[in-house]
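# Report on the structure
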Amino acid sequence: MVSRVIPVDSFDIVIFGATGDLARRKILPALFHRYAVGQMPDEARILGVARREINQQAFKTLVRDNLIEFTQLAVKEPKLLKSFLEKLTYFRVDVHGEDGWSDVSGALRSNVKRVFCFSVSPSFFGLIASKLHATGLANPDCRILIEKPFGHNLIAAKSLNNELLNLFSEHQIYRIDHYLGKETVQNLMALRFSNALWEPLWNSTHIDHVQITVAETIGVSGRGDYYDRSGAMRDMVQNHLMQLLCLIAMEPPARFEPNSVRDEKVKVIQSLEPVLPTDIVRGQYRDKTGNETYRNHVNNPDSNTESFVAMKVNIGNWRWASTPFYLRTGKKLKSQSSEVAIIFRDPPHMIFPISEERKSNALIIRLQPNEGIKLHNMIKEPGPGGFRLTDVSLDMTFANTLGTGGNSQDAYERLIMDVIRGDQTLFMRGDEVEAAWAWVDPIIAEWEQTDVLPAFYQNGSSGPDQATSLLHRDGREWRDIC
Ligand code: BG6
């Protein structure tokens, strides 16, 4: 299937931290891909800003090398790469002082969309935002693009929101949760709200429980400092898993329009019930040799930070009362596998003999890898020899069904183009971020007060045994991580 590409308006994007990790791995490759398919117009320009003393040529060489490292396309299309590099200009700016700001200002055009991408540590967000105003770079139509963490807790998130909202309007602030840019995550909304089939079943009368799993094989090497201060709860649950939960649980918005969608998500977060300590399992990875342990990776032999969380979450509203959502995420698990599983209730009366083969109907929304949707049904096992049931799935793996070959666009490609289009549907609103912290904070406070130690799990496993018990105790089972 050929996707239609509608070019966005011309723009100037200023990337603060242009030589840093996020810009190199995600932002610049995303822009390059959108340029290659003709969505980023030829007149658009990229202004790279950092504190390094390098000349234009050195900057372009750096970006070229990074693109070759991180995107196949740059290797295959050298001409395209060359013309993309022509869109780039480098500016050395001292964000604390005065140097370089007037050069950026002189290069910005007044008749195109203006985007400031803060690809820097969050501790610089407030400073850069205020400099944009002090130096006259900000205009009423400009947008700022920031990436989590949005604070470390509710107080910090509020203070960051206030700081930004003193300078910019909410409609100018684009808070990225890159999970919202993932194809299949958006498909959660398409599936629910463009088909008549699901809505009558989408409630606690028909859904037994929901499992949300984001399992990673990578550890925390390289980001130990940040991660050890955050843990899986702050790093993944407060944002990515929360967004997934919202998209599954929210009421149908009146329109597919930023505030309609975000209003419904906020209502879900506000309906979350406090989580009982007995409904959460924290884990930390280690291995038999004692070398590949979390504590080694973060250089903190006493760390009790969790690299794994599993929890049972109840949503206190009419649609979901008595349908628990089980959330699980962790590092160094047996496979990279992210999925949402909607497990339906069994038929009220079973006319066939009870057998091991019979499974509950399940709708599996696979986020990565092998994006797609599967619906598990029971049918009669073909052939003679009695009436036996077997589980088969209606399979909509996107690579096969849509011919994407598994090459859907990266989340950042979609999100950056949405910033230019001025569409905030897939970005988090300030109150959404605060509501999520308001729910997470007491859970973390309880851990801190009681000094609960994480349960250890082996590298390459499915997590601690206690996570398995969390479902067993309710007569349920996690789906295998595969
Ligand atoms: C980031 C977290 O937000 O998301 C990382 O900080 C995590 O710890 C990453 O590895 C997962 O994203 P993805 O797209 O690889 O699933």
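Anyway, here's the lowdown on the structure attached to this text. As the structure is a prediction and not an experimental result, all values here were calculated from the model. The numbers attached to residues start from 1 for each chain and follow its sequence in the written order. With pLDDT at 70 or above as the cut-off, local features in this predicted model cover only qualifying residues; side-chain atom pairs require 80 or more to be listed or tallied, and sums for whole chains, interfaces and linings still use all residues. Processing note: side-chain calculations cover all non-hydrogen atoms of the structure and skip hydrogens and water entirely.

### What to know about the overall build of the protein
Numbering of helices and strands runs from the N terminus; a helix is a DSSP stretch of H or I covering at least four residues, while a strand is a stretch of E covering at least two. Per the secondary structure count, the protein includes 15 helices and 15 strands. In summary, the protein has a C-alpha radius of gyration of 24 Å against a globular reference of 23 Å for 482 residues, a match within 12%. Across its three principal directions, the C-alpha atoms of the protein cover 80 × 55 × 45 Å. Counting all 482 residues of the protein, 52% fall into the buried class. We call two residues in contact whenever any of their non-hydrogen atoms come within 4.5 Å of each other. Counted over contacts in the protein with a minimum sequence separation of 6, partners at least 24 positions apart contribute 75%. Charge counting treats Lys and Arg as positive and Asp and Glu as negative, with His and both chain ends excluded. Taken as the charge location is NZ of Lys, CZ of Arg, CG of Asp or CD of Glu. Of the side chains in the protein, 55 bear a positive and 59 a negative charge, and the two mean positions are spaced by 3 Å. In this description the radius of gyration comes from C-alpha coordinates, and the expected globular size is given by 2.2 Å times residues to the power 0.38. We call a residue buried when its accessible area falls under 20% of the maximum for its residue type, exposed when it is over 50%, and partly exposed in between, using a 1.4 Å probe and counting protein chains only.

### Concerning the packing of aromatic side chains
Aromatic contacts are taken between Phe, Tyr and Trp rings whose centres are within 6.5 Å, Trp giving its six-membered ring; a plane angle under 30 degrees counts as stacked, one over 60 as edge-to-face, and the others as tilted. This structure, assessed with the given rule, holds 16 aromatic pairs. With a centroid separation of 6.0 Å and 85 degrees between ring planes, the pair formed by F16 and F118 is classed as edge-to-face. Of this pair, F16 sits in strand 1 (residues 11-16) while F118 sits in strand 4 (residues 113-118), and the two are 102 residues apart along the sequence. In this pair, the class of F16 matches that of F118, namely buried. With a centroid separation of 5.2 Å and an interplanar angle of 90 degrees, the aromatic rings of W320 and F325 are classed as edge-to-face. What makes F325 buried here is its relative accessible area of 0%. Three or more aromatic residues joined by ring pairs form one cluster here, namely Y227, Y285, Y294, F308 and Y457. Geometrically, a lysine NZ or arginine CZ counts as sitting over a ring once it is within 6 Å of the ring centre and also within 35 degrees of the ring normal. Across the ring face of Y179, the terminal group of K182 is positioned such that the distance to the ring centre comes to 4.6 Å.

### Some points on the sheet that holds strand 1
Two strands are counted as paired when DSSP detects at least two bridges linking them. Read across the sheet, 6 strands follow the order 3-2-1-4-5-6 without closing on themselves; strand pairing throughout is parallel. At either end of the open sheet lies a strand with only one pairing partner, and these are strand 3 (88-92) and strand 6 (173-176). When strand polarity is set aside, the average angle formed by the axes of neighbouring strands in this sheet is 20 degrees. Helix axes are fitted to C-alpha atoms over the stretch in contact, other axes to C-alpha atoms as well, and angles between N-to-C directions run from 0 to 180 degrees. Most of the contacts of helix 2 (residues 56-70) go to strand 3, to which it runs at about 120 degrees, and overall it touches strand 2 (45-50) and strand 3.

### Focus: the site of the ligand
All residues in the neighbourhood of the ligand are listed as K148, H178, Y179, K182, E216, I218, R223, D235, M236, H240, K331 and Q368. In this structure, an oxygen atom belonging to the ligand sits 2.7 Å away from a side-chain N or O atom of H178. Protein chains bury 80% of the 400 Å² of accessible surface belonging to the ligand in isolation. The dominant element in the shell around the ligand, judged by the number of residues it contributes, is helix 9 (residues 224-249), at 3 residues. We call a residue near a molecule or strand whenever a single non-hydrogen atom of that residue lies within 4 Å of it. Polar contact is defined as a pair of N or O atoms within 3.5 Å, subject to the rule that within protein one atom must be able to donate a hydrogen and the other to accept it, and that residues adjacent in sequence are counted only when both atoms are side-chain atoms. Here, Shrake-Rupley sampling with a 1.4 Å probe gives the accessible areas, and only protein chains in the shown set may cover a residue.

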